[in-house]
Amino acid sequence: MDDQVRIAIIGCGGIAGAHLNGYQQLQEAGYDRFRIAALCDTSEQNLSRFAANVEEKLGYTPDRYPNVEQMLDEAQVDAADICLPHTYHHTAAIPCLEAGLDCMVEKPVGITIKAGQQIIAAAQKNDRIVATAEQVRRDIGARAANWAINEAGLIGEPLFFGFDVKTWMELDLESYAWRWRHSKLLSGGGMVFDAGAHFADMMLHLFGDIEEVTCTLKTFDTPIIDMPGIGPRPRDVEDYWVVTLKFASGLFGHWSYSRAAQAYHINSSYVWGTEGAIKDRQEWMHPFQFGGDIELTDGTKIPYEEIEKQYLCLLSAGTSWNQWLSDGRRRLTGRPASAPRLSAARCMRQTTLGNLSKSPTC
Ligand SMILES: NC(=O)c1ccc[n+]([C@@H]2O[C@H](COP(=O)([O-])OP(=O)(O)OC[C@H]3O[C@@H](n4cnc5c(N)ncnc54)[C@H](O)[C@@H]3O)[C@@H](O)[C@H]2O)c1
């Protein structure tokens, strides 16, 4: 088909499989304006396994390439879906953009701010699209939580949050996907940087611009690990952090994590407001991806299932929050509180709580 976008998947490891599932869902839904035309990976084993998965899920086998240079020389492609370790995001994206491909780069966009800026500059220079794969805010749980907090105003005005996780996670010294994640040179940082991209995106989405941030990091666990491509080195990415945040809206938050906690473990992730609080259903790396449960000041409990049902009910009824707001739309990130918005939120809150108590069915 002439108008199909010919896509190259660069990096055929773990997350590329999730991307493939997404392509499969699009194809099964009847969207046929793309074709996975090329696969690129330095590992022949991963290339072969992934090609077989594409054959099984999409019904055809793409061409395979052992490196980006050869792929750009030989393949007929329009776009690249880049699923590489962080250190290779810019070294793959920039030549692709220079060669005229649009790119989606997995999070975090670049291993450093400078690398990220160079990717954006290459897109601008070559008039190409560059996007990053940041999916958490689009998940149903996160959307319902955003609606509950910011649109239905179910916890009143948000005041502060605390995401505090202390756990023990065994180091995986064997798998390639974990070995590069233990090296700052290959990953840019530990989970504060890796899954932290999701955390930061979701907090900006929920609460708007950040005015002040402080961060303390520490690496406690430093075994020698055979890092891919650079050999044995001590693990040097953080396994403990405390972050404090002050938002332009006046909201405060702290975020603290360790994977090196012995014996007692905690997972305490809440947003508190003037009239209640919402507790994240445990996925600290992907805030609210699985939704959150609310408890109000008077002890009323609203489980996530009810929140999702009410949210979907409003969506399917075509009720837009904009219809409830006299001051209309909000920016994608950032939503300074305003008197009309807060009074509209109170009105929505009462209506929503009334409907929740009746357990609506759509
Ligand atoms: N959005 C999400 O929820 C999510 C989840 C997991 C990972 N990720 C991101 O996806 C990216 C990849 O992570 P992963 O877990 O799939 O890693 P992975 O280690 O499982 O896969 C990386 C693949 O890249 C290949 N590769 C390495 N160097 C290469 C090079 N120079 N050229 C071509 N291929 C090369 C490896 O052989 C491997 O197959 C990272 O940016 C990560 O942060 C995102």
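From a predicted model like this one, the values you see are computed outputs, not experimental measurements.

1. Some thoughts on the overall build of the protein chain
Scanning the protein chain for helices and strands turns up twelve helices and 16 strands. A total of 362 residues make up the protein chain; the buried ones form 36% of that total. Expressed as a percentage of contacts within the protein chain between residues at least 6 apart in sequence, the contacts between residues at least 24 apart total 68%.

2. With respect to the site of the ligand
Close to the ligand lie 26 residues, the nearest being Gly-11, Gly-13, Gly-14, Glu-106 and Ala-177. At the level of elements, helix H1 (14-28) and helix H7 (176-179) are the ones that each hand at least two residues to the shell around the ligand. Among the elements that take part in the shell around the ligand, H1 stands out by supplying three residues, more than any other. Considering only residue class, the shell around the ligand consists of 13 nonpolar, nine polar and four charged. Counting residues domain by domain, the shell around the ligand receives three or more from each of domain 1 (5-133) and domain 2 (137-357).

3. Thoughts on the confidence of the model for the protein chain
Residue-level pLDDT values for the protein chain average 91, and 87% of them are 70 or greater. Within the model, pLDDT remains below 50 along residues 325-337, and this stretch shows 23 contacts once partners closer than five positions in the same chain are excluded.

4. Examining the packing of helix H6 (residues 140-151) against helix H9 (residues 196-207)
Between H6 and H9, the least distance of the axes is 10 Å, while the angle of their chain directions is 35°. Crossing of H6 over H9 shows right-handed handedness. Contacts between H6 and H9 involve Ala-142, Asn-146, Ile-149 and Asn-150 on the former and, on the latter, Met-202, His-205 and Leu-206. Within the contact of H6 with H9, the residues separate by chemical class into four nonpolar, three polar and no charged.

5. Comments concerning unusual backbone geometry
A cis amide bond, omega -15°, links Lys-107 with the succeeding residue Pro-108. Within the secondary structure layout, Pro-108 lies in the loop between strand S5 (102-106) and helix H5 (113-125). Despite not being glycine, Ala-263 has its phi angle at roughly 65°, a positive value. Among the structural elements, Ala-263 can be located in the loop between strand S12 (252-258) and strand S13 (266-273). Of note in the backbone geometry, Phe-288 takes a positive phi value of approximately 60° without being a glycine. On the secondary structure map, Phe-288 appears in the loop between strand S14 (276-280) and strand S15 (292-296). Classification of Phe-288 as buried rests on a count of 28 C-beta atoms within 10 Å.

6. Some thoughts on the nonpolar core
In this structure, Ala-148 and Ile-278 are the most contacted members of the largest nonpolar core, which totals 39 residues. Contributing elements (two or more residues each) for this core: H6, strand S7 (158-166), H9, strand S11 (240-247), S12, S14 and helix H10 (304-316). Beyond its immediate sequence surroundings of up to four residues, Ile-278 is in contact with Ala-145, Ala-148, Ile-149, Ile-155, Tyr-270, Val-271, Gly-292 and Ile-294. Grouped together as the second largest cluster of nonpolar side chains are 35 residues, Ala-8, Leu-39, Cys-40 and Ala-80 included.

7. Side note on the pairing of strand S2 (residues 34-40)
In the sheet, strand S1 (residues 5-10) pairs with S2 via six bridges, with the strands oriented parallel. Paired with Arg-6 across the two strands is Arg-35, which belongs to S2. Between the parallel pair S1 and S2, the chain is carried across by H1, and the sense of this crossover is right-handed. One ladder, built from three bridges, connects S2 with strand S3 (residues 63-65); its direction is parallel. Counted as the bridge partner of Leu-39 is Arg-64 from S3. As for the winding sense of the linkage, the β-α-β connection from S2 through helix H2 (residues 44-58) to S3 is right-handed.

8. What about the sheet that holds strand S6 (residues 130-133)?
Within the open sheet, the six strands sit side by side as S3-S2-S1-S4-S5-S6. Their pairing is parallel. Strands with a single pairing partner mark the edges of an open sheet, and in this sheet they are S3 and S6. The mean angle between the axes of side-by-side strands here comes to 25°, regardless of whether they run parallel or antiparallel. Sheet topology note: the strand S4 (residues 79-82)/S5 ladder contains four bridges and is parallel. Among the inter-strand pairings, Asp-81 is bridged to a residue of S5, identified as Met-104. In the packing of H2 onto the sheet, contacts are made with S2 and S3, and the angle to S2 comes to roughly 165°. Contacting S1, S4, S5 and S6, helix H4 (residues 89-98) crosses the sheet at an angle of about 170° to S5.

9. Concerning the packing of H4 against H5
Viewed as axis vectors pointing N to C, H4 and H5 meet at an angle of 10°, and their least axial separation amounts to 9 Å. For the element pair H4 / H5, the angle class is roughly parallel. Together, His-89, His-90, Ala-93, Ile-94, Leu-97 and Glu-98 of H4 and Ala-115, Gln-118, Ile-119, Ala-122 and Ala-123 of H5 make up the contact between the two elements. Here the residues of the contact of H4 with H5 are counted per class, giving seven nonpolar, three polar and one charged.

Calculation rules
- Residues numbered from 1 in each chain as written.
- Predicted model: local features only at pLDDT ≥ 70, side-chain atom pairs only at ≥ 80, totals over all residues.
- Helix = DSSP H or I, 4+ residues; strand = E, 2+ residues; numbered from the N terminus.
- Buried ≥ 20, exposed ≤ 12 C-beta atoms within 10 Å, placed from the backbone.
- Contact = placed C-beta atoms within 7 Å.
- Near = placed C-beta within 6 Å.
- Nonpolar A, V, L, I, M, F, W, Y, C, P; charged D, E, K, R; others polar.
- Domains from an automatic or database assignment.
- pLDDT = per-residue confidence, 0-100.
- Axes fitted to C-alpha atoms, helices over the stretch in contact; angles between N-to-C directions.
- Left-handed = near helix turned anticlockwise from the far one by under 90°.
- Core = buried A, V, L, I, M, F, W, Y, C linked by C-beta atoms within 7 Å.
- Pairing = 2+ DSSP bridges.
- Right-handed = clockwise from strand over helix to strand, strands pointing away.
- Parallel < 35°, antiparallel > 145°, perpendicular 65-115°, else oblique.

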